[in-house]
Amino acid sequence: MCRRCSPSNLIWHVYILAVLVFLYAPIAVLILFSFNESKYMTHLTGFTLEWYTRLVENVRILKALENSVSIAIVSAVISTLLGMLAAYSVRRAPYLSLKLDTLMVPPIVIPEVAEAVSLMMFFYMVGAEYGWLTVFIGHTAFNISYAYVTIKGQIHSISPNIEKIAQSLGAGSFAVFRRIVIPLLTPALTASLLVTFITSFSDFVKTVFTTGPGFETLPLYVWRVAVRGRATPELNALATLMILVSLVISIYYTRRIITKLGESYQKQG
Amino acid sequence: MRGVEVRLENISKRYGNTVALKDVSLNVPRGSLFTVLGPSGCGKSTLLGIVAGFIEPDEGHVFFDGADVTGLPPQKRNVGMVFQDLALFPHMSVFENIAFGLRVRGEPEQAIREKVKSVMELVRLDFQEYAGRMPHQLSGGQQQRVALARALAIEPRVLLLDEPLSHVDYSVKILLLEELKRIQREAKVTTLYVTHDQSEAMYLADYLAVMNYGTLEQVGRPEEIYDSPVSEFVARFFGDINIFPGEVAGLGGASKIGVRLERTMLSKTEPRVGNGIVGYMSGRIVEKIFQGPHVLLKLETDYGSAKALLPRAESSHYNVGDRVFILVPRTGLIVFRQRGSGRY
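Peer 1: Can you tell me about the overall build of chain A, naming the residues and giving the values?
Peer 2: Secondary structure assignment for chain A yields 12 helices and zero strands. The order of α-helices and β-strands along chain A, N terminus first, is α-α-α-α-α-α-α-α-α-α-α-α. Whereas a compact globule of 269 residues would reach a radius of gyration of roughly 18 Å, chain A reaches 23 Å, over 25% beyond that. By its C-alpha atoms, chain A is 70 × 70 × 35 Å across when sized along the principal axes. Going through the 269 residues of chain A one by one, you find that 41% of them count as buried. Sequence-distant contacts in chain A: of pairs separated by 6 or more residues, those separated by 24 or more amount to 73%. Counting every atom, chain A has about 15,000 Å² of accessible surface; 72% of that belongs to carbon and sulfur. Seen as two clouds, the 21 positive and the 13 negative side-chain charges of chain A have centres 11 Å apart.

Next up, the structure:
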């Protein structure tokens, strides 16, 4: 009996196929029906781009898109900056490392609902007006943790002697940071920006708890429309676009950043 | 380039309960190549860090040409450094690495280019071929040259080298030591070279300091330290030596006597004391190790093990298992007392 058609091998292949089908079939169907002429998801009738053109005409969707993207960008930039400073401070003061880890890791592992509720109560207590700012603060609160963890790893791979040499050559702290540390951290900073952008862009739970009347992001819009039983082909088109954005970022991330991070670890390690 | 005279005065440094440096005073003459030799953990890197300005001493002062620089941060000391891991900037080309110090000083582009060219010439790296390369595209030896060129480009007042060759293969190391010596002579820069490798120290040093447990055991010219080590530690760490228990007439009390391996003589017949021989003992050859021009003989005696380094031709008379007499000559005899020593 050949090795490839042994029973265990067959089971293995079936298993992999099943995993792929369960993972990707719903997405494939969704994408397929976003181009379907018929309004109903029961049968395919023909190809159309109508649902996509309708998206662009839908003011509510455009507003939600604007909210989602603006929050994701600002949150990604700010949390990456703060995460970088936190990670760098650990390098300057190693005794802070454990303390900061203890502070930074919980937001990643605490159930999001619990975190979201506590934030909602907090905003209520301080009398904040729910909207862009509260959602942004909510997203940034956990994004800092992701940024910190992503960047800290790479800061450790830079030899402390590199900074010392730069200093001995006449560079003050700021020049060392700008000319040496930041350029060497570029792969980690890019990774952090992408991760935090996607986390914010696709977040639902925290957004629900921290949003206010009249303010919604794309995931909120999708949920509100879908929950009223109006899962139109328009939603399929919207979801398809959101998947596309995530895919592009994740492919860029894995192809470029992960390899770069790996290289820099090898070079400096 | 201008080198300065570096003077350390009563430097002490503690880390918690550990004493890294204890009351160290040192004078490094202008333009000299000064080597600090000591085992790992003896405080020699701390000493270098204090001269560079990365470490603040608990007590004591650092002077460059008589001016107190103790409180000055590293970026204002104008000191060139090379570390063991070289720490080239991995994201910059060879040119940018070497130009870094000049750029942060805001030198004009044309001056930077000329300076980089001239230091690359000094360390013998071809400008056309290497200026545009990235550090990871260079061999280990070339990386060493870039690191040195980067340190020299700022025309440092002092050049500090922290075990720069300890990761280099032996054959490359010899070549780089020669180069380093030449470059140091040409640049006339005061250089402090820290190492745990006595062969590097012997090869390079104009002056040498042997360090142990945070103190300078002995400072002097290499020949002086080799011929008259003040302690057993110095004698063993700088060169190799046979040490036997012995009493020296006129000194009183117990002492030890030391003989360098190449001065230790062997004889197959029982010798007579006098005529340049102050004593002898019998022993047996247990091992014969070929070392190129010399042969190292390991011996067992009633007073412990001993070694003798013989020219190859002479060594052919001796074989493993032979009973021989080990002769202690008058010339080169080193006497160790409780503290301090002298030549007999």
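Peer 1: Account for the interface of chain B and chain A, with residues named and values stated.
Peer 2: Contacts between the two partners involve 23 residues from chain B and, on the opposite side, 18 residues from chain A. Summed over both partners, the interface of chain B with chain A buries about 1,900 Å², with 71% contributed by carbon and sulfur atoms. One can count zero salt bridges joining chain B with chain A. For the side of chain B that touches chain A, the secondary structure elements donating two or more residues are strand 6 (79-82), helix 2 (94-104) and helix 5 (140-153) of chain B. Residue contributions to the side of chain B that touches chain A peak at four residues, all from helix 2 of chain B. When grouped by side-chain class, the residues that make up the side of chain B that touches chain A number 15 nonpolar, four polar and four charged.

Peer 1: Before we move on, could you go through the packing of aromatic side chains and cite the residues and values that matter?
Peer 2: One pass over the full model with this rule turns up 16 aromatic pairs over all chains. With a centroid separation of 5.8 Å and an interplanar angle of 55°, the aromatic rings of A:Phe122 and A:Phe123 are classed as tilted. Where A:Phe197 meets A:Phe201, the ring centres are 5.7 Å apart and the plane angle is 10°; that geometry is what we call stacked. Remark: A:Phe201 and A:Phe197 occur in helix 9 (residues 173-202); sequence separation between them is four residues, near one turn of the helix. For the pair shown, A:Phe197 and A:Phe201 are each scored as buried. By way of ring pairs, the aromatic residues A:Phe35, A:Phe47 and A:Tyr52 are connected into one cluster. The positively charged end of B:Arg7 is found above the aromatic ring belonging to B:Phe63, 4.5 Å away from the centroid. It is B:Lys117 that lies over the ring of B:Phe127; its NZ or CZ is 5.2 Å from the centre.

Peer 1: Let's hear about the sheet that holds strand 1 (residues 6-15) of chain B: which residues, and what values?
Peer 2: Where strands meet in a sheet, backbone hydrogen bonds hold them as pairs that are either parallel or antiparallel. Residues and elements named next belong to chain B. Here we have four strands laid out as an open sheet, ordered 2-1-4-5, and antiparallel in their pairing. Strands with a single pairing partner mark the edges of an open sheet, and in this sheet they are strand 2 (18-28) and strand 5 (67-68). In the sheet, strand 1 pairs with strand 2 via seven bridges, with the strands oriented antiparallel. Looking at the pairing, Arg14 lines up with Val19 of strand 2. Together, strand 1, strand 2 and strand 4 (59-64) form the strand contacts of helix 1 (residues 44-52), whose direction differs from that of strand 1 by roughly 120°.

Peer 1: Report on the nonpolar core, specifying residues and quantitative values.
Peer 2: Counting 61 residues, the largest nonpolar core has A:Ile151, A:Ile180, B:Phe64, B:Phe89 and B:Leu160 as its most contacted members. The greatest single-element share of this core, amounting to nine residues, is contributed by helix 9 of chain A. In this structure, B:Val94, B:Ala99, B:Ala153 and B:Leu204 belong to the second largest nonpolar core, which totals 39 residues.

Peer 1: Provide a residue-level description of the environment of B:Ser139, including the pertinent values.
Peer 2: Residues and elements named next belong to chain B. Looking at the element boundaries, Ser139 is found in the loop between helix 4 (127-130) and helix 5. Overall, Ser139 belongs to the partly exposed group, its relative accessible area being 37%. The sequence separation of Ser139 and Gly239 amounts to 100 residues, and the corresponding C-alpha distance is 32 Å.

Peer 1: Tell me about the packing of helix 8 (residues 160-168) of chain A against helix 9 of chain A, residues and numbers included.
Peer 2: The description of two helices packed together rests on the angle between their axes and the distance between the axes. Residues and elements named next belong to chain A. Close contact between helix 8 and helix 9 brings their axes to 10 Å; oriented N to C, the two are set at 155°. Comparing their axes, helix 9 and helix 8 come out roughly antiparallel. Two packed elements cross with a definite hand, and for helix 8 against helix 9 that hand is right-handed. Of the residues in helix 9, those touching helix 8 at Ile162, Glu163, Ala166 and Gln167 are Val176, Ile180, Val181 and Leu184. Its residues placed into classes, the contact of helix 8 with helix 9 shows six nonpolar, one polar and one charged.

Parameters at a glance
Residues numbered from 1 in each chain as written. Chains lettered and ligands numbered in written order. Predicted model: local features only at pLDDT ≥ 70, side-chain atom pairs only at ≥ 80, totals over all residues. Heavy atoms only, no water. Helix = DSSP H or I, 4+ residues; strand = E, 2+ residues; numbered from the N terminus. Rg over C-alpha atoms; globule rule 2.2 N^0.38 Å. Buried < 20%, exposed > 50% of the residue type's maximum accessible area, 1.4 Å probe, protein only. Contact = heavy atoms within 4.5 Å. Areas by Shrake-Rupley, 256 points an atom, 1.4 Å probe, with all protein chains shown as cover. Lys, Arg positive; Asp, Glu negative; His and termini not counted. Charge placed at Lys NZ, Arg CZ, Asp CG, Glu CD. Buried area = accessible area lost by both parts, 1.4 Å probe. Salt bridge = Lys/Arg side-chain N within 4 Å of Asp/Glu carboxyl O. Nonpolar A, V, L, I, M, F, W, Y, C, P; charged D, E, K, R; others polar. Phe/Tyr/Trp six-rings, centres within 6.5 Å; stacked < 30°, edge-to-face > 60°. Lys NZ or Arg CZ within 6 Å of the ring centre and 35° of its normal. Pairing = 2+ DSSP bridges. Axes fitted to C-alpha atoms, helices over the stretch in contact; angles between N-to-C directions. Core = buried A, V, L, I, M, F, W, Y, C linked by side-chain atoms within 4.5 Å. Parallel < 35°, antiparallel > 145°, perpendicular 65-115°, else oblique. Left-handed = near helix turned anticlockwise from the far one by under 90°.

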